[in-house]
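Observations on the model geometry
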Amino acid sequence: MKKLYQILMTAILCVVGVFAGTSVYQYIDYRQRSDLYALTSAPWYTSLQIGAVFTAAVILILLIAMRIVKRKMK
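Residues numbered from 1 in each chain as written. Predicted model: local features only at pLDDT ≥ 70, side-chain atom pairs only at ≥ 80, totals over all residues. Heavy atoms only, no water.

**Quick word on the overall build of the protein chain**
Looking only at helices and strands, the protein chain has 3 helices and 0 strands in total. If you list the helices and strands of the protein chain from N to C, you get α-α-α. Taken over the C-alpha trace, the protein chain has a radius of gyration of 17 Å; the compact-globule value for 74 residues is 11 Å, which it surpasses by more than 25%. The principal-axis extents of the C-alpha atoms in the protein chain amount to approximately 55 × 20 × 10 Å. Across the 74 residues in the protein chain, those meeting the buried criterion constitute 15%. Once local pairs closer than 6 in sequence are excluded, the contacts in the protein chain between residues at least 24 apart make up 76%. Put simply, the protein chain shows about 5,900 Å² of open surface, and 69% of that area lies on carbon and sulfur atoms. (Helix = DSSP H or I, 4+ residues; strand = E, 2+ residues; numbered from the N terminus. Rg over C-alpha atoms; globule rule 2.2 N^0.38 Å. Buried < 20%, exposed > 50% of the residue type's maximum accessible area, 1.4 Å probe, protein only. Contact = heavy atoms within 4.5 Å. Areas by Shrake-Rupley, 256 points an atom, 1.4 Å probe, with all protein chains shown as cover.)

Quick look at the structure:
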């Protein structure tokens, strides 16, 4: 059970890392090519917001799984 708990913690860190990496990449891309983002009707950060909601949902599911594993370890 302890190994599963560590795997879930690693998964949370990976999800946060992927979100942070893609967010930084998109911001840099926006700063370099702002005219491309001006062509769309939505603001440039809309995909960041969608990614944040998705990341929060995945983290919530993983935290619930970690809580269940923690209870089983006791």
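More follows now that the structure is in view.
**Section: the side chain of Asp-29**
Tracing the chain through its elements places Asp-29 in helix α1 (residues 2–32). Within the structure, the side chain of Asp-29 is placed 2.6 Å from the side chain of Tyr-37, a separation counted as a polar contact. (Polar contact = N/O pair within 3.5 Å; in protein donor to acceptor, adjacent residues only side chain to side chain.)

**Looking at the packing of α1 against helix α3 (residues 46–73)**
The N-to-C vectors of α1 and α3 enclose an angle of 170 degrees; their axes lie 9 Å apart at closest approach. In terms of orientation, α1 lies roughly antiparallel with respect to α3. (Axes fitted to C-alpha atoms, helices over the stretch in contact; angles between N-to-C directions. Parallel < 35°, antiparallel > 145°, perpendicular 65-115°, else oblique.)

**Things to note about the pattern of salt bridges**
As enumerated under the stated definition, the model contains 1 salt bridge in all. Measuring nitrogen to oxygen at the nearest pair gives 2.1 Å for the salt bridge that ties Arg-33 to Asp-29. On the accessibility criterion, Asp-29 (12% relative accessible area) is buried. (Salt bridge = Lys/Arg side-chain N within 4 Å of Asp/Glu carboxyl O.)

**Quick word on a nonpolar patch on the surface**
On the surface, Met-1, Leu-4, Ile-7 and Met-73 cluster together to form a nonpolar patch covering roughly 370 Å² of accessible area. Looking at the element boundaries, Met-1 is found in the segment before α1. (Patch = residues over 30% accessible without salt bridge, like charges linked within 9 Å, V, L, I, M, F, W, Y side chains within 5 Å.)

**Looking at α3**
The end-to-end C-alpha distance of α3, which contains 28 residues, comes to 41 Å, matching closely the 40 Å that a straight helix rising 1.5 Å per residue would cover. All buried positions along α3 are accounted for by Leu-48, Thr-55, Ile-59, Leu-62, Met-66 and Val-69. Looking at the buried side of α3, the elements it contacts are α1. (Expected span 1.5 Å × (residues − 1).)

**Remarks on the confidence of the model for the protein chain**
Confidence along the protein chain averages 95 in pLDDT terms, with 100% of residues attaining 70 or more. Confidence, expressed as mean pLDDT per element, reaches its minimum in the protein chain at helix α2 (residues 34–38) with 90 and its maximum at α1 with 97. (pLDDT = per-residue confidence, 0-100.)

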